[in-house]
Amino acid sequence: MRGLGLIAVLTLWGCTPAAKAPAPGPCAPDAVLSADAPRRGIPVEQTPAGRCLADRAEAGDIAAGLKIGDFYLNVPGTLPLIDRKGHELHWFRLAGDHGDATGAWAAAQLIDNDRDRQVPNDALAYLIVAIKGGIPEAGDYIVDQWQDGRVDPGKIWALRRWLDQPGVLPEDQRVAIIAGLNAPADDLLYE
C-alpha cells in the first residue's frame, strides 16, 4: 500500500472525499420575513423567504442568521407552538460560531439566564467572542459577572492574556476590563 495516495486508499476502502455543497443563491431582494406563518405555529424558516435565509445562514452567511435571530427577538405578539427563544438562540449561536460579535453577544445573554449560578461555559465562550469583537457591553457584563463571583477564574485565563496585548481593543475599553477583572469585589459594590 505504500506509494498509493490518500485518495487511492480511500477509494479502495469505499470512501471518497465528500464534495462541498454549492453555496445557496441570493434571496429575492423583496423577500420579507412575515409573522403570519409563525402566528399560525409555522416557523418562519418554513416560509420561502425564511428558507432562503436559513439556507444561506447554514452556509455561513452571518447577516442571514442575524436577520432570522432578530426576527424572532423582535416579532410582536405571541407565537403559539413555536419555541421562540430556541429559534433566536439557534440563529445567534450560528452567527457567533462564525465569529460574529453581535450574534455571540445575543447568544451569551440568552444562555446566561440564571443569575444565581455560575456563567455557563457556552455563554462565557460567546461572551469572549463578543468582547474580542469590540462590543463594550460584553466587557462590562463580564466584569459584573466576575465581581459577582459567577465566572471561574481558570476559564478566563486566555482572555486575560489576550487583554494584555495593547491594540486588541480601544485602550480605554481594554484598560477598563483589565481593571474590573483585577479589582476586589468590594471596590465595585459601591459604584
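One structure accompanies this document, and this report is about it. (Residues numbered from 1 in each chain as written. Predicted model: local features only at pLDDT ≥ 70, side-chain atom pairs only at ≥ 80, totals over all residues. Heavy atoms only, no water.)

**Description of the state of the cysteines**
In a disulfide, the sulfur atoms of two cysteines are held together by a covalent bond.
In step 1: Here the structure, examined in full by the defined rule, presents one disulfide.
In step 2: Residue cysteine 27 pairs covalently with cysteine 52 via a disulfide, S to S 2.0 Å. Taking the torsion about the sulfur-sulfur bond, which here is approximately -105 degrees, the covalent link between cysteine 27 and cysteine 52 counts as left-handed. Of this pair, cysteine 27 sits in the loop between α1 (6-12) and α2 (36-39) while cysteine 52 is found in helix α3 (residues 48-58), placing the two residues 25 residues apart along the sequence. Each member of the pair, cysteine 27 as well as cysteine 52, carries the same accessibility label: buried. (Disulfide = S-S within 2.5 Å. Helix = DSSP H or I, 4+ residues; strand = E, 2+ residues; numbered from the N terminus. Buried < 20%, exposed > 50% of the residue type's maximum accessible area, 1.4 Å probe, protein only.)

**Quick word on the pattern of salt bridges**
In step 1: On inspection of all chains with the given rule, the structure shows six salt bridges.
In step 2: Among the ionic pairs, aspartate 61 bridges to arginine 56, the shortest N-O distance being 3.0 Å.
In step 3: According to the relative accessible area criterion, aspartate 61 is partly exposed, its value standing at 23%.
In step 4: Looking at arginine 56, the relative accessible area reads 23%, which means it is partly exposed.
In step 5: Each of the salt bridges in this network shares a partner with another, and the network as a whole consists of Asp112, Arg115 and Arg150. (Salt bridge = Lys/Arg side-chain N within 4 Å of Asp/Glu carboxyl O.)

**Some points on helix α7 (residues 121-132)**
In step 1: Under the 1.5 Å per step criterion, the end-to-end length of α7 is 17 Å for twelve residues, consistent within 8% with the ideal 16 Å.
In step 2: Restricting attention to buried positions, one finds in α7 the residues Ala123, Leu124, Tyr126, Leu127, Ile128, Ala130 and Ile131.
In step 3: Lining the buried residues of α7 we find α5 (84-97), α6 (101-111), α8 (136-147), α9 (157-163) and α10 (171-182).
In step 4: Two residues or fewer after α7 comes glycine 134, characterised by a positive phi angle close to 90 degrees. (Expected span 1.5 Å × (residues − 1). Contact = heavy atoms within 4.5 Å.)

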